[in-house]
Amino acid sequence: MVAVVPSWNSPPQNLKLDINEIHVWRVSLAQTETCLQSLQQTLSTDEQTKAERFHFPKDRDQFIVSRGALRAILSRYLHINPTLLCFEYNPYGKPSLTIAQGGNTLRFNLSHTRGIALIAITKNREIGVDIEAIKPKTSCLEIAERFFSPLEQLALISLPEHLQTKAFFTCWTRKEAYIKAVGKGLSLPLNEFDVTLAPGEPAALLNVKANPDEASKWSLIELISSSDMVAAVAVAGDCHKLDCWQWTAEC
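Cut-off values and rules
- Residues numbered from 1 in each chain as written.
- Predicted model: local features only at pLDDT ≥ 70, side-chain atom pairs only at ≥ 80, totals over all residues.
- Heavy atoms only, no water.
- Helix = DSSP H or I, 4+ residues; strand = E, 2+ residues; numbered from the N terminus.
- Buried < 20%, exposed > 50% of the residue type's maximum accessible area, 1.4 Å probe, protein only.
- Contact = heavy atoms within 4.5 Å.
- Areas by Shrake-Rupley, 256 points an atom, 1.4 Å probe, with all protein chains shown as cover.
- 1 Å grid on protein atoms, 1.4 Å probe; cavity = no way out; pocket = protein on both sides within 12 Å on 5 of 7 lines; lining within 4 Å.
- Points joined across faces, edges and corners; volume = space filled by probe spheres on them.
- Nonpolar A, V, L, I, M, F, W, Y, C, P; charged D, E, K, R; others polar.
- Pairing = 2+ DSSP bridges.
- Expected span 1.5 Å × (residues − 1).

Student: Describe the overall build of the protein chain, naming the residues involved and giving the relevant values.
Tutor: Along the backbone of the protein chain there are six helices and eleven strands. Based on the C-alpha atoms only, the size of the protein chain along its principal axes is roughly 50 × 40 × 35 Å. Looking at the protein chain residue by residue over its 251 residues, the buried ones come to 49%. Considering only contacts in the protein chain between residues 6 or more positions apart, those separated by 24 or more positions represent 61%. Counting only carbon and sulfur atoms, one obtains 52% of the accessible surface of the protein chain, whose full area is about 12600 Å².

Spelled out as structure tokens, the structure:
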């Protein structure tokens with residue numbers, strides 16, 4: 001699919017998500033202390049325990065905001081108090097709502113970097129999202145040699161040097177979004193499937209080595225969020241409509 005330049009709008013009061021639609025929410029992880037405490041109170045006991053395990057306060061606070069915002073956002077679709085939402089996890093750690101709360105219908109995924117979180121939501125199909133900050137000093141070619149497929153490595157090396165860093169992170173987000181959507185973690189090796197990465201080339205899953213028919217079952221969407229960040233969404237099937245919302249804390 002072509003790249004999407006998001007316009008992060010305020011969501012309508014009567015929020016609706018139709019079949020084959022995707023909603024992506026942007027969340028600022030920098031919140032006031034009052035808001036942080038309010039969001040922490042909505043977390044489950046195991047989430048609060050996990051938050052306390054973070055060594056650095058900044059990481060702990062960002063975890064609290066991301067999970068608290070996720071609960072607040074999902075509650076808008078489900079009309080359930082955020083504190084009552086229950087999550088379960090597949091064997092690879094991918095979270096979902098319990099079936100009793102619509103986990104077989106409403107699907108979501110979350111990613112964050114540098115104080116920004118993205119939450120992607122759709123219905124009746126798997127979805128994954130990834131956002132990465134572009135780090136200019138990254139050893140792109142060395143990392144690509146370890147983790148990218150031969151086709152992706154060739155595509156990356158073929159680019160002018162000044163385009164390689166952004167292309168590397170573009171490739172990385174598309175691959176991460178796909179494996180997060182599939183929900184099998186790194187049991188699905190990154191070099192066992194191909195995605196596009198060249199500037200201007202539509203985001204696409206080109207080939208999955210273990211299953212030649214797999215690529216046609218997925219859509220990849222590039223989200224151009226800023227000059228120093230890249231993001232991608234992977235979703236099973238087609239995307240007929242994508243809306244981008246800005247989450248604002250109600251505290």
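Student: Before we move on, can you summarise the layout of surface pockets with the specific residues and values?
Tutor: Each pocket or cavity is described by its volume, and for the largest pocket that value is around 660 Å³. If you trace the largest pocket, you find 24 residues lining it, with Lys 50, Arg 67, Gly 93, Pro 95 and Leu 110 closest to the centre. Taken together, the residues of the lining of the largest pocket break down into nine nonpolar, seven polar and eight charged. The space that makes up the second largest pocket amounts to roughly 360 Å³. If you go around the second largest pocket, you meet 17 residues; those closest to its centre are Ala 72, Trp 247, Thr 248, Ala 249 and Glu 250. At three residues, the largest contribution of residues to the lining of the second largest pocket is made by helix α3 (residues 57-78).

Student: Tell me about the pairing of strand β4 (residues 106-113), and please be specific about residues and values.
Tutor: Counting buried positions over the eight residues of β4 gives seven, a clear majority of the element. The sheet contact formed by β4 and strand β5 (residues 116-123) spans eight bridges and is antiparallel. Paired with Asn 109 across the two strands is Ala 120, which belongs to β5. With antiparallel pairing between neighbouring strands as the criterion, β4 and β5 make up a hairpin whose turn holds two residues, including Arg 114 at a positive phi of roughly 45 degrees.

Student: Give me helix α6 (residues 161-182): which residues, what numbers.
Tutor: Taking 1.5 Å as the rise per residue, α6 with 22 residues should run 32 Å; its terminal C-alpha atoms sit 32 Å apart, in good agreement. With 16 of 22 residues buried, α6 lies mostly within the body of the structure. Following α6 by one or two positions, Gly 183 has its phi on the positive side, about 80 degrees.

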